[in-house]
Amino acid sequence: MNKVFFSAATLAAVLLAASGSRAETLGPVTDALGVVKITKGQPIQIGGYSSQSGGDTNQGIDELRGAEIAIKDAGGKVLGFPVKLLGEDAQCTAEGGQTAATKLAGNKQIVAVLGPSCSSGARVGAPILWKLGIPSVAIGATAPALTAADRPDGFKGFLRVVPNDLKSAAFTASYAHDKLGVKTAATIHDGSPYTEQLVRAFEKDFIAKGGTIVASEAVSPTDTDLRPVLTRIATKKPELIFTPVFTSTVGFLMRQKDEVAGLAGTKVIGGEGVFSANVIEAVGPKIIGFHIVGPSTDLFSERFPVFVKNFTAEYGEAPIGGFSAYGYDAALLTMAAIKEVGKTDAEGNLYIGRQALHDAMMATKALPGLTGALTCDTYGDCGAATYAIWEFTSDDQSSFAPGTNPKRIFP
Amino acid sequence: MSEVPRSATEPGAFSEWLRRSTWVDHVLLAIRISVAALVLVGLAGGLTAGTYSAADFVSFTMFGLTIGSIYALIALGYTMVYGILRMINFAHGDVMMIGSFAGLFAAGALNDAGLLNALPLLALPLVLAAGMAGGATMSLIIERIAYRPFLHVRSLAPLICAIGMSFVLQYAARGLFGTRNRAYPGFGWMEGTVSLFGLIVPIPQIVAFIAALIVLAGLLALVKLSPLGKAMRAVAEDRDAAALVGINVGAVIVATFAIGGAMAGVAGVLYALVFKQITVFMGFALGVKGFAAAILGGIGNLGGALLGGLVLGLAEALGPALVLEGFGLPAPYQLKDVIGYGMLVMILIFRPQGLLGERLASKRA
């Protein structure tokens, strides 16, 4: 009995000590957050969590495939050690992010994690990982709050190679004000964090440019009758409506807009959430002339076409949009940082300090990535903005092909 | 104990009420007064804000009537089944979804044949018939599999089974038809708008409203005038007594489900005619609205379902503009459902039997 008590007390003492200061010296490396030792011949383990099931499966699978191509392009090795990517399913939900992050955090050999695909998963997953000193590089989570200056401490270890929504907002505001010469705009969001934060950022940027927001409205994602909202907006006579809402709402909005007196000539700009063939069916004939703001793979680095070729050769199908490129860049950034901080001892074992790795990742500057030059700011935003304005040109669903329908009209 | 001496003057109605009432009555009265005050303040503010013109309000009203008539069609299914089985068929909203998809496939086929654009007045009844057939068939299947085994069981099992059925239908449809939004093809000239007294009204709204009224009138005639309707009313009144006088109760229940399903199918097609987009998950929200309409009007009461649907539709269409606008809320339309469901809560508190009253409640009591 005493023995059991004693071992329990020892365990508690060890756990207490572990949860306090984590500074650790292992081999040649001393690090405030701990050191990962990789014995000679063992792989460097990088975790990955993205949407492997649910509605965004295609995106999530593509993202991790992109990361695998990046590892392959590096010869499968960093500092002479093979790199192993351990993928988990984060779905596109908070619960999925939590499960996947918890599972990855259980593996003490993991040095960094790529992902997730969605802000909801990042919100829960990133702090779980960072609590153990594991930095994460998001490949699809775009919500501004994740890298805001006042973000909670749990997000200090969070970086992303996908552009912050603030960049999309700034781009849209400058297109509307500087290119179209629009002076008055209205916005509609659907209450989701993504649409609301994006709309707020757009409003701020548009006002800063000297424009006026005449109406700032909200609907709910299940709303089917948007006429009253549109009527309300019509009374303020905006020249433009910016609304990054999702497919069904865009369908109702575009179909009903022309039924409201005074809105027939008003331009509508949607968000990247409707960058798909589905929106063509949802909107019907009114899709022609509908604008969206979305990332453009044409604006990625000149290496992207080569990547597409390699990807197709590897997986037997072409990547969807640019998702896989973000996965590639996340892996690239992580491997570059590992290369910088990894130290070997006389026996050929590799030591990686967790704090040092995080600092090296955050210090990334002008790293030539697939989506552009990656430079991280102090909050962990590393993405190169490659936005464009797209215009739909046909209501035939089968004609969906970025480049022709929708057609890139700016820049 | 000696009798309490009465005051010289007779107590007025108010003091009599004070004497008889309990604290519950006081609380209820306070709620009534505050709700009435809220609505009045909102109304006054909304009307003086002048955001909308009179034409806008007329247009909202017309839309409210259209969506209300669709709610009414769904509510009828709930109310008919409740009247006969005393059970809420929670899968009813999903029967409507199935009807809507049946209509979609019919419309697709007619569109391919070129009939939809050329002869919309012929095509629409065909699409409606497909929706009715789809809804009725699904309703019959549900009745056979999920409800008939519980016919003589007094428990919560049928209710739980109904909720389960709802999920089975949703996810079966998801597997068969996919999750993406599906759009109905255009019905030729019915896609346009007409100018009525200076108002621009979309034709689908008018068509849907008139079609709903025709179907509702047909249903009321069936229930009031036909032998089947008489049998339905008899079963609703007292199932055992009806059986004793030679009514085939089982057949009446089957017919009720079939008619309710057909009504839901019509609702599904008309909904799609107005909104153009359908998804496999739309049944739940619309089912809840239809259920709310049935409760609002007085469940078990056919006229009540009609009234409840129209009132709910109007409240949703006019509520945000009339009442919420008055409070200067930044985005009133986000709270549209608050108006509809808030009204439902009020009805349940102050008039649990619904606007027109549960038709059978008093007779049963």
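Just so it is clear, the model here is predicted, and its values are computed rather than measured. Along each chain, numbering runs from 1 in the same order as the chain's sequence is written. A letter from A marks each chain and a number from 1 marks each ligand, given out in the order of writing. Where totals are concerned, whole chains, interfaces and linings use all residues; where local detail is concerned, this predicted model gives features only for residues with pLDDT of at least 70, and gives and counts side-chain atom pairs only at 80 or more.

Turning to the overall build of chain B, a few remarks are in order. The helix count covers DSSP runs of H or I at least four residues long, the strand count covers runs of E at least two residues long, and both are numbered beginning at the N terminus. A count of helical and extended segments in chain B gives 15 helices and four strands. Relative to its full complement of 365 residues, chain B shows a buried share of 46%. Using C-beta atoms placed from the backbone, we call a residue buried if 20 or more other C-beta atoms fall within 10 Å of its own, exposed if 12 or fewer do, and partly exposed for counts in between.

Turning to helix α8 (residues 247-257) of chain A, a few remarks are in order. In terms of burial, α8 of chain A is a largely internal element, 11 of the 11 residues being buried. Along α8 of chain A, the residues classified as buried are Thr247, Ser248, Thr249, Val250, Gly251, Phe252, Leu253, Met254, Arg255, Gln256 and Lys257 of chain A. Here the contact rule is simple: place C-beta atoms from the backbone, and any two residues whose C-beta atoms are within 7 Å are in contact. Close packing links the buried residues of α8 of chain A with α7 (227-234), β12 (240-243), β13 (267-270) and α9 (278-283) of chain A together with α11 (249-275) and β4 (277-278) of chain B.

Right, let's talk about the interface of chain B and chain A for a bit. Each side of the interface is counted separately: chain B has 26 residues, and chain A has 28 residues. At the level of elements, α3 (54-85), β1 (182-183), β3 (199-202) and α13 (302-322) of chain B are the ones that each hand at least two residues to the side of chain B that touches chain A. A per-element tally of the side of chain B that touches chain A places α3 of chain B first, with four residues. Grouping the constituent residues of the side of chain B that touches chain A by class yields 14 nonpolar, seven polar and five charged. Nonpolar residues are Ala, Val, Leu, Ile, Met, Phe, Trp, Tyr, Cys and Pro. Charged residues are Asp, Glu, Lys and Arg, and all others, Gly as well, are polar.

This paragraph deals with the packing of helix α8 (residues 203-225) of chain B against helix α9 (residues 227-237) of chain B. Residue and element names in this part refer to chain B. A fitted line through C-alpha atoms serves as each axis, taken over the contacting stretch for helices, and the angle formed by two N-to-C directions is quoted from 0 to 180°. Following both chains from N to C, one finds α8 and α9 inclined at 75°, their axes separated by 5 Å at the closest point. Classified by the interaxial angle, the pair formed by α8 and α9 is roughly perpendicular. In contact with Leu222, Val223, Lys224 and Leu225 of α8, α9 contributes Leu228, Gly229, Met232 and Arg233. For the contact of α8 with α9, the per-class residue count stands at five nonpolar, one polar and two charged. Note on angle classes: values under 35 degrees are labelled roughly parallel, values over 145 roughly antiparallel, values of 65 to 115 roughly perpendicular, and the remainder oblique.

All names here are of chain A. Per the domain assignment, the segments making up chain A are domain 1 (25-164 + 301-385) and domain 2 (166-296 + 388-410). Domain limits in this description derive from either an automatic procedure or a database domain assignment. In this structure, domain 1 and domain 2 have C-alpha centres spaced 33 Å apart. Domain 1 puts eight residues into the contact, and the matching count from domain 2 is nine residues. Split into classes, the residues belonging to the side of domain 1 that touches domain 2 amount to five nonpolar, three polar and no charged.

Take the sheet that holds β13 of chain A next. All names here are of chain A. The strand order across the open sheet formed by seven strands is β11-β10-β12-β13-β14-β19-β20, and the pairing between neighbours is mixed. Only two strands of the sheet have a single neighbouring strand rather than two, namely β11 (212-218) and β20 (407-410). Put simply, the sheet's adjacent strands are angled 30° from each other on average, direction ignored. When DSSP locates at least two bridges between a pair of strands, those strands are taken to pair. With two bridges connecting them, β13 and strand β14 (residues 291-295) associate as parallel partners. Each bridged residue has a counterpart across the sheet, and for isoleucine 269 the counterpart in β14 is histidine 291. Where helix α6 (residues 193-208) meets the sheet, its contacts fall on β10 (184-189), β11 and β12, and the angle it forms with β10 comes to roughly 170°. Contacts between α7 and the sheet are confined to β10, β11 and β12, with β11 contributing the most and set at about 165° to the helix.

This paragraph deals with the pairing of β11 of chain A. Residues and elements named next belong to chain A. Of the strand pairs in this sheet, β10 and β11 are connected by six bridges, and their pairing is parallel. Its bridge partner being in β11, histidine 189 is matched across the sheet by alanine 218. With the strands aimed away from the viewer, a crossover counts as right-handed if its path from the first strand over the helix to the second runs clockwise. Read from β10 through α6 to β11, the crossover connection turns out right-handed.

Pairing between the strands of a sheet is mediated by backbone hydrogen bonds and can be parallel or antiparallel. Residues and elements named next belong to chain A. Pairing is antiparallel in the open sheet, where three strands are placed in the order β3-β16-β15. Unpaired on one side and paired on the other, β3 (35-38) and β15 (343-344) mark the two borders of the sheet. Examined bridge by bridge, β3 and strand β16 (residues 350-353) share four bridges and lie antiparallel to one another. From the neighbouring strand, valine 36 faces β16, where its bridge partner is isoleucine 352. Strand contacts of helix α12 (residues 354-362): β3 and β16, with the helix running at about 70° to β16, the strand carrying the most contacts.

Let's shift gears to unusual backbone geometry. Residues and elements named next belong to chain A. Along the chain, glycine 115 connects to proline 116 via a cis peptide bond; the corresponding omega equals 5°. Along the chain, the position of proline 116 falls in the loop between β7 (110-114) and α4 (119-130). Its identity is not glycine, yet lysine 237 carries a phi of approximately 50°, on the positive side. Examined against the element boundaries, lysine 237 turns out to sit in the loop between α7 and β12.

Attention shifts here to helix α3 (residues 94-105) of chain A. Expected helix span is given by 1.5 Å per residue-to-residue step, counting one fewer step than there are residues. Between its first and last C-alpha atoms α3 of chain A spans 16 Å; for 12 residues at 1.5 Å apiece the expected length is 16 Å, and the two agree. Where α3 of chain A is concerned, the buried positions are Gly96, Gly97, Thr99, Ala100, Ala101 and Leu104 of chain A.

Okay, the environment of threonine 212 of chain A next. Residues and elements named next belong to chain A. When you line up the elements, threonine 212 lands in strand β11. C-alpha separation for the pair threonine 212 and phenylalanine 410, spaced 198 residues apart in sequence, amounts to 22 Å. Those residues in contact with threonine 212 that lie beyond four places of it in its chain are Lys183 and Thr184.

Attention shifts here to the pairing of β13 of chain A. All names here are of chain A. The sheet contact formed by β12 and β13 spans four bridges and is parallel. In the sheet register, phenylalanine 242 faces β13, and the bridge partner there is isoleucine 269. Handedness of the β-α-β unit built from β12, α8 and β13 comes out right-handed. You can see the chain leave β13, run along α9 and come back into β14, and the turn it takes is right-handed.

With that out of the way, let us pick up the packing of α3 of chain B against α13 of chain B. All names here are of chain B. One can describe the packing of α3 onto α13 by two numbers: an axis separation of 6 Å at closest approach and a directional angle of 145°. The chirality of how α3 crosses α13 is right-handed. Within the contact of α3 with α13, the residues separate by chemical class into 18 nonpolar, eight polar and one charged. With the far helix as reference, a near helix turned anticlockwise by less than a right angle produces a left-handed crossing, and one turned clockwise produces a right-handed crossing.

For the rest of this paragraph, the subject is the environment of valine 214 of chain A. All names here are of chain A. Position of valine 214 relative to the elements: it lies in strand β11. Taking the number of C-beta atoms within 10 Å as the measure of exposure, valine 214 has 17 and is therefore partly exposed. A sequence separation of 129 residues divides valine 214 from lysine 343, and the C-alpha atoms of the two residues are 58 Å apart. For valine 214, the contacting residues outside a window of four places in its chain are Thr184, Ala186, Lys236 and Pro238.

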